[in-house]
Amino acid sequence: MDALPNIVLVHGAWADGSSWSAVIERLLGDGYHVTAAQFPLTALADDVARLRQVLARQKGPTLVAGHSYGGQIITALGTDAPNVAGLIYIAAFGLDEGESIGALLEQGPPPPALAHLIIDSQGFAWLPEDDFVNHFAADVDPVKARVMYTVQQPLSGAALQEVMGVPAWKSLPTWYLVADGDQAIPPGAERQFARRMAATTVEVPSGHVAMVSHPGDVVNLIEAAAEAVPAAP
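Scope of this entry: the structure provided in the associated data block.

The next thing to look at is the packing of aromatic side chains. Under the criterion given, the structure shown has 5 aromatic pairs. The interplanar angle of 90° and the centroid separation of 6.2 Å between the aromatic rings of W14 and F136 together place this pair among those described as edge-to-face. With W14 in the loop between β1 (6-10) and α1 (21-29) and F136 in helix α5 (residues 129-136), this residue pair connects regions lying 122 residues apart in the sequence. We note that W14, like F136, is buried. The interplanar angle of 55° and the centroid separation of 6.2 Å between the aromatic rings of F93 and F193 together place this pair among those described as tilted. Residue F93 is found in the loop between β4 (84-92) and α4 (101-105), and its partner F193 is found in helix α7 (residues 187-196); the two are separated by 100 residues along the sequence. Within the aromatic cluster, the residues linked to one another by ring pairs are W14, F132, F136 and Y149.

Okay, structure coming up:
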């Protein structure tokens, strides 16, 4: 029987690898080899280097799924992504060459989840509790959302201004989950990302952290991608 592709999960800003826990449990139960690394969020180059470190440990075809800023990380793999068979965006940034997250967000009013970023003395951005619980994790149980807030990992403010090079999605098959209730990335922007990368797209009635509030939908998309890519013999 052909082996299943590896799955590498890339968390976004104000989160860590544990944000994928419900997805990991399901994928492991279905027989997948899964890795959800911790990313430093100190600079895009640092995060891409960590992703490459993880990819180097995979044997055979690998699908890489990124959430939110994690989409920036997987996109920045560019044209050199050994063993990567496809990219999966979960309510994630899918920038094109020359674009930055900051410039994109400046095109309209700030999304509710990002309206009151706290920049500390070292230039890292944090979310205040109210915005995290009520907007970033809007459809998550409030008790769980507060736990997620407590363990949030800040993002270097400079990362928001990083300009994308040649995006990996131009040379790899892609899948996209649009969260139609997202209050961190405008759903219209998510649809635009998906459309221009010609991604296989699903739309889910979810807030921003779909892998927490709708893990079944996320797993369904990942496994659909797994069925579509060539497997290792």
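Read across the open sheet, the 6 strands follow the order β2-β1-β3-β4-β8-β9; overall the sheet is parallel. Both outer strands of the open sheet, β2 (34-36) and β9 (200-204), are each paired with one neighbouring strand and no more. Averaged over all adjacent pairs, the angle separating strand axes in this sheet is 15°, with direction ignored. The pairing of strand β8 (residues 174-179) with β9 spans 5 bridges and is classified as parallel.

In the structure shown here, the tally under the stated rule is 5 salt bridges. With a closest N to O distance of 3.5 Å, R146 and E129 form a salt bridge. Of this pair, R146 sits in helix α6 (residues 142-150) while E129 is found in helix α5, placing the two residues 17 residues apart along the sequence. The exposure class assigned to R146 is partly exposed, which follows from its relative accessible area of 43%.

Let's shift gears to empty space enclosed by the protein. With the rule as written, the count across this model stands at 1 cavity of 30 Å³ or more. As a volume, the largest cavity reaches approximately 100 Å³. Around the largest cavity, the lining comprises 14 residues; the ones closest to its centre are W14, S68, F93, L114 and L160. Class assignment of the residues belonging to the lining of the largest cavity gives a composition of 12 nonpolar, 2 polar and no charged.

Moving on, we get to unusual backbone geometry. A positive phi angle, close to 60°, is found at L41, a residue other than glycine. Tracing the backbone through its elements, the reader meets L41 in the loop between β2 and α2 (44-55). Of note in this structure, A198 is not a glycine but carries a positive phi near 55°. With respect to the secondary-structure elements, A198 resides in the loop between α7 and β9.

It is the contact of α1 with helix α9 (residues 215-228), at a shortest axis distance of 9 Å, that shows an interaxial angle of 50°. Of the possible angle classes, the one that applies to α1 and α9 is oblique. Helix-helix and strand crossings are classified by hand; for α1 and α9 the assignment is right-handed. Facing α1, whose interface residues are A22, V23, R26 and L27, α9 presents P215, G216, V218, V219, I222 and E223.

Time to look at the side chain of S156. Tracing the sequence through the fold places S156 in strand β7 (residues 155-156). The buried category is assigned to S156, whose relative accessible area is 9%.

Listing the buried residues of α7 in full gives P187, A189, E190, F193 and A194. Down the axis of α7, the buried side of the element spans an arc of 160°, and every buried residue falls inside it. Backbone geometry just after α7 places A198 at a positive phi near 55°.

Take the sheet that holds strand β5 (residues 118-119) next. Within the open sheet, the 3 strands sit side by side as β5-β6-β7. Their pairing is antiparallel. Unpaired on one side and paired on the other, β5 and β7 mark the two borders of the sheet. Pairing geometry for β5 and strand β6 (residues 124-126), over 2 bridges, is antiparallel. For I119, the partnering residue across the bridge sits in β6 and is A125.

Conventions adopted
- Throughout, a residue's number is its position along its own chain's written sequence, starting from 1.
- Predicted model: local features are reported for residues with pLDDT of at least 70 only, side-chain atom pairs are reported and counted for 80 or more only, and whole-chain, interface and lining totals are derived from all residues.
- Hydrogens and water molecules were not included; the side-chain quantities draw on all heavy atoms of the structure.
- Classification of ring pairs rests on two measures: the distance between centres of Phe, Tyr or Trp rings, Trp counted by its six-membered ring, which must be within 6.5 Å, and the angle between planes, read as stacked under 30 degrees, edge-to-face over 60 and tilted in between.
- Under the DSSP-based scheme used, a helix requires at least four consecutive residues in state H or I and a strand at least two consecutive residues in state E, with every element numbered from the N terminus.
- Relative accessibility decides the category of a residue: with a 1.4 Å probe and only protein chains considered, values under 20% of the type maximum give buried, values over 50% give exposed, and everything between is partly exposed.
- For two strands to be treated as a pair, DSSP must find at least two bridges joining them.
- To obtain each axis, a line is fitted to C-alpha atoms, and for helices this fit is confined to the stretch in contact; angles are then taken between N-to-C directions over 0 to 180 degrees.
- Salt bridges are identified by distance alone: a Lys or Arg side-chain nitrogen within 4 Å of an Asp or Glu carboxyl oxygen.
- Computed over the protein atoms alone on a 1 Å grid, cavities are sets of points where a 1.4 Å probe fits but cannot get out and pockets are open sets with protein on both sides within 12 Å along at least five of seven lines; a residue lines them when it has an atom within 4 Å of a point.
- Grid points are joined across faces, edges and corners, and a volume is the space filled by probe spheres set on the points.
- Only Asp, Glu, Lys and Arg are considered charged in this grouping, and only Ala, Val, Leu, Ile, Met, Phe, Trp, Tyr, Cys and Pro are considered nonpolar; every other residue, Gly among them, is considered polar.
- Any angle that is under 35 degrees is reported as roughly parallel, and any over 145 degrees as roughly antiparallel; angles of 65 to 115 degrees are reported as roughly perpendicular and all others as oblique.
- In this scheme the crossing of two helices becomes right-handed for a clockwise turn of the near helix relative to the far one and left-handed for an anticlockwise turn of less than a right angle.
- Residues are treated as being in contact if the distance between any of their heavy atoms lies within 4.5 Å.
- Note that the arc is defined by the directions from the helix axis to the C-beta atoms.

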